Amino acid sequence: MSPYRTIETREAGDTFVVCVGGYLNNLLGEEVEKVVRAKLDDGVRRILINFQGTRMVNSIGISFVIGIVEKVMEQEGRMAFCALSRINCDLFRVTGLAKYVRSFETEKEALDYLSGNA
Amino acid sequence: MRLFGTMGAETSFREEDFFGREEELSALTRAALEGSRGIGSSFMIYGPPNIGKTSLLLKLAKVLGASAGGNGLPRPFPLYFSFSQILSHPLALSQHFLQEFLSQLLRFLGDERPSAFDPAAMCDRLASFGVTGCREVLAAHERCTAEGDGLSALVNALSFPFSASGELFYPVFLFDDFQYTAKLQAVPEGAMLSILRPYIKSGHFPMFLSGSSPGRVTAALKREGLFGTFQMIEVGGLSTSSSVRLWGHLCERRRVDIPAALLPRASERLGGIPTYQRMLVEEIFFRGAKVPDAVTLENLYAVSVTEGKLNRYWREFFENTFPNRVRRGRAIRFLKRILCDRFPLDTMEGAISLMGASEEEGETILSALEFKGLLKADLDQLTFLGDPVLADFLYWAFERGVLGKGTSQVAAAIVQARLSHTAPEPGQGGDHARRVAIVKELMRKWDLREVPLLLLDFGMFREKFGGKGLLEVVIGMEREAVRVRLPKVSSVSTGYRASRGGPRFDFDLVAYGFLASDFSEENLVIWAVDAAVEKNLGARAVEHFENRCRLLALEKGLPHDRLRKWMIINETTDPAAIDLASRYGIHLSHPTQLRLFLNLFGLEEPDREPESAHSPGPDATSAGKTLEYELVLPIKADSEVVAARVAEEVAAFAAVDADTVDRIKMAIIEACINAFEHSASESGKVRLRYVLSPDKIELFVQDDGKGFRTGMTPEESKKNRGWGLKLIRELVDDVEIITGPDGTVVRMMIHLGGDSANPGTNQQEEGGSASPGER
């Protein structure tokens, strides 16, 4: 993987957490989509994407995120974002993502929301 | 019997009216006194007419006449002689010279001025002082006269003072209006100097030649090998302090009261020329006028120059010099162009063609001007000299003679012109001045080149390139077929109003040019240029400009197509202003067009004045400089990251906040990937430019492909793609996309210091125009 991209995954309870690091472009987007789709196929229905380490996003990267959101909704799963930078927030708003997926400042808030505690 | 004595300047010279020039006087006095020791130098005194050369010589004569020879050494005998009298025959001249010499010497030695010219009696009288040999010289002179041998008579007369000198005195010649010696009949030019040469060279007989046309005299000096022997002294206007003292003296004599605070300005008005000061004070005295303030003084001056003493002075000169009316008109019109309109000319051919006269007539006029000292001819180089009063007189003569204006109208214009220039124009800040300066430089470089007409036609330019970026426009311009031939500009005057004519002809620049390399009147074209001060050009400003242009065309007597009108506009224009300009044939250029225009001629846009509120950056940008980076990226994965990194560096220069840095980075990434994906570029490269100026950052992304994909294809929609342009619009303040046959340029702009945190408030630049929208 390119030095501009890192991806870490872990499970927090029944939520699958994907930490996206670096530059979210088509390659990283594809990577994220792949791991999320695999988890959905495994029956996981709660997905949290942590953008803490995402320094740059491009429109293709966003299109993959949109694709992921669509998949999750198709599977009637729940999804959340956390630690979005202000610019990414704006971009998600522009692309309409914000309408479908809630964003939280911290991972904990997001996990609470996904587990139904919020 | 004819009266003797030079009935000229020296009879009207008042020593008490002489002020200032201490330095010149002391140098000349010292040189004259050093003649007694054989180390005296000779001087050539030159300067424009009326400046006070004659006064200086006469004052010197007084000083020397009063000096006592020390230690038994001979005293300097100053012999003032003016050649300006029309004594073109050498016999008459030598006769006159002898009379002057005898009479002045007798007075120098202590006699009263004799009541009549009696040479024999004078010779006897001189013999009693120990000056012998007079009778012999006179006898020789009579012989020469009888034989009609002018040259020998002249040699005889001019040598006489030297042979007569001895222990008592040595002659110091103060020759005024020396240029007239070239006019002597049947005597070669320079003969005078040949005769005087051994005496000048000796160091015992310092000589002071004065003349307002030093070119001829210095040429003669060079021919005689005397040039190195002479020192040159240029006489200019009086210093302000001397001039003010002279005002005081003149006003006291005439009991005229002018407030002291007005005097320095009045001096400047008259070019520090003592003669004019005297005339103006007399004018005020004869009119019994009170001068409480500057306006009254200006009015009195205008009256004097249009119908009073100052007018008469110059009118007589022109009437005497050019008795023929047509020729006089030609000379006045010509001189006005040079001195008032500052038409720069330095060749004979140029001058004659500007006069529109035959070569013979042109040379006659130039020669007459040279004799008055209004023209200095050194080799082939002509320099025209004038002063403020002459300029005003010429203006009057021109307005009255050519335009048929009444004297009072002209006087009013003169006053108004002067008063309106006392304070700097409001709203003409540094930016404006710089813009004018750069346009001036540009015009000087035109040199008959052809350029796209679009550079001068904002309406057409906007129609064709609206919504396109700079690089695209540059490419488009190169292919532009409709071209206009620019003139060869021979002069551009800045602040035209300051020279002549008042607010009516108030332009930022007036350029004189020729439409062909042939420097002739029928090729003359004048460009009147204004750089708009207002941000948004209104129809009224265009109307005002057109009115001034019409007056200028009338004043210059130019056919309509020979006056070109050009307005450099600011950011925006009213549509009505553009319509009006096109109706009047006024060229309009937007800053973008100007930038292209400058580039064509290898010039750069002037630096913008930093606006304190708009300069968040460190040194480079706050100094008003534009930083520019260029980057060529290969089309391959992740190379847009490099572009983003560079953008980050550029943004760091502007010291913008982190959020803006992110926006810039994202925007450039989007533009790059769009270019990578959609351009189908043949070169496989994308060119980027980052331009950082104090008030904005501009980013240009150019590819040589098919164009920017501004909308989503159905396939893209399926894949949630095609967000590029939408995001860019969100990220930056202004976007333009220009697609042409050679590729696409995306121009993105971020305003600095503005509301960059809220890019939703997109600002659009007129002229650059808005983006064309989704296609």
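The shown structure was predicted, so the numbers you read here are calculated from the model rather than taken from an experiment. (Residues numbered from 1 in each chain as written. Chains lettered and ligands numbered in written order. Predicted model: local features only at pLDDT ≥ 70, side-chain atom pairs only at ≥ 80, totals over all residues.)

1. Quick notes on the overall build of chain B
Then, number 1: Within chain B one finds 31 helices and 21 strands.
Then, number 2: Long-range pairs, those at least 24 residues apart, make up 73% of the contacts in chain B between residues at least 6 apart in sequence. (Helix = DSSP H or I, 4+ residues; strand = E, 2+ residues; numbered from the N terminus. Contact = placed C-beta atoms within 7 Å.)

2. Description of the overall build of chain A
Then, number 1: When helices and strands are counted, chain A shows five helices and six strands.
Then, number 2: The order of helices and strands in chain A, counted from the N terminus, is β-β-α-β-β-α-β-α-α-β-α.
Then, number 3: Within chain A, the proportion of its 118 residues that are buried is 42%.
Then, number 4: By sequence separation, contacts in chain A at least 24 residues apart represent 70% of the contacts at least 6 residues apart. (Buried ≥ 20, exposed ≤ 12 C-beta atoms within 10 Å, placed from the backbone.)

3. Some words on the interface of chain A and chain B
Then, number 1: Opposite the 18 residues of chain A that make contact, chain B presents 19 residues.
Then, number 2: Elements with a minimum of two residues in the side of chain A that touches chain B: helix 2 (59-74) and helix 3 (86-94) of chain A.
Then, number 3: Examining the composition of the side of chain A that touches chain B, we find that six residues originate from one element, helix 2 of chain A, more than from any other.
Then, number 4: Across the side of chain A that touches chain B, the residue classes tally to nine nonpolar, seven polar and two charged. (Nonpolar A, V, L, I, M, F, W, Y, C, P; charged D, E, K, R; others polar.)

4. Considering the packing of helix 1 (residues 26-41) of chain A against helix 2 of chain A
All names here are of chain A.
Then, number 1: Look at helix 1 against helix 2: their axes get within 7 Å of each other, and the N-to-C directions meet at 10°. The angle between helix 1 and helix 2 places the two elements in the roughly parallel class. Counted together, N26, L28, G29, E30, V32, E33, V36, R37 and L40 of helix 1 and I60, G61, S63, F64, V65, G67, I68, K71 and V72 of helix 2 form the full contact between these two elements. (Axes fitted to C-alpha atoms, helices over the stretch in contact; angles between N-to-C directions. Parallel < 35°, antiparallel > 145°, perpendicular 65-115°, else oblique.)

5. Some words on the sheet that holds strand 20 (residues 734-740) of chain B
Residues and elements named next belong to chain B.
Then, number 1: Pairing within the open sheet is antiparallel, and its five strands lie in the order 17-18-19-21-20. The open sheet is flanked by strand 17 (627-634) and strand 20, the only strands paired with a single partner. When strand polarity is set aside, the average angle formed by the axes of neighbouring strands in this sheet is 15°.
Then, number 2: Looking at chain direction, strand 19 (residues 696-703) and strand 21 (residues 743-751) are connected through eight bridges and run antiparallel. Along strand 21, the bridge assignment pairs I697 with I750.
Then, number 3: Against the sheet, helix 29 (residues 658-678) touches strand 17, strand 18 (685-693), strand 19 and strand 21, its axis set at about 15° to strand 19. (Pairing = 2+ DSSP bridges.)

6. With respect to the sheet that holds strand 5 (residues 230-234) of chain B
Residues and elements named next belong to chain B.
Then, number 1: The strand order 2-3-4-1-5 describes an open sheet built from five strands, whose pairing is parallel. Edge positions in the open sheet fall to strand 2 (75-82) and strand 5, since each of these has one partner strand only. Averaged over all adjacent pairs, the angle separating strand axes in this sheet is 20°, with direction ignored.
Then, number 2: Here strand 1 (residues 42-46) pairs with strand 5 via five bridges, running parallel. Each residue of the ladder has a partner; that of I45, found in strand 5, is I233.

7. As for the pairing of strand 19 of chain B
All names here are of chain B.
Then, number 1: Across the eight residues that make up strand 19, a large majority, seven, are buried.
Then, number 2: Sheet analysis places strand 18 next to strand 19, joined by eight bridges and oriented antiparallel. Its bridge partner lying in strand 19, R687 is registered against Q702.
Then, number 3: Connecting strand 18 to the next strand, strand 19, in antiparallel fashion are two residues.

8. Focus on helix 2 of chain A
All names here are of chain A.
Then, number 1: Compared with the 22 Å implied by 1.5 Å per residue over 16 residues, the 22 Å span of helix 2 between its first and last C-alpha is a close match.
Then, number 2: Along helix 2, twelve of the 16 residues are buried, which leaves the element largely enclosed by surrounding structure.
Then, number 3: Every buried residue of helix 2 is listed here: S59, I60, G61, I62, S63, F64, V65, I66, G67, I68, V69 and V72.
Then, number 4: The positive-phi residue at the C-terminal boundary of helix 2 is E76, with phi of around 55°. (Expected span 1.5 Å × (residues − 1).)

9. Focus: the confidence of the model for chain A
Then, number 1: Residues at a pLDDT of 70 or more form 95% of chain A, whose mean pLDDT is 88.
Then, number 2: When mean pLDDT is taken per element in chain A, strand 3 (residues 46-50) of chain A scores highest with 94 and strand 4 (residues 54-57) of chain A scores lowest with 84. (pLDDT = per-residue confidence, 0-100.)

10. Observations regarding the environment of V94 of chain A
Then, number 1: Here V94 of chain A lies in helix 3.
Then, number 2: Apart from residues lying up to four places away in sequence, V94 of chain A is in contact with K726, L727 and E730 of chain B.

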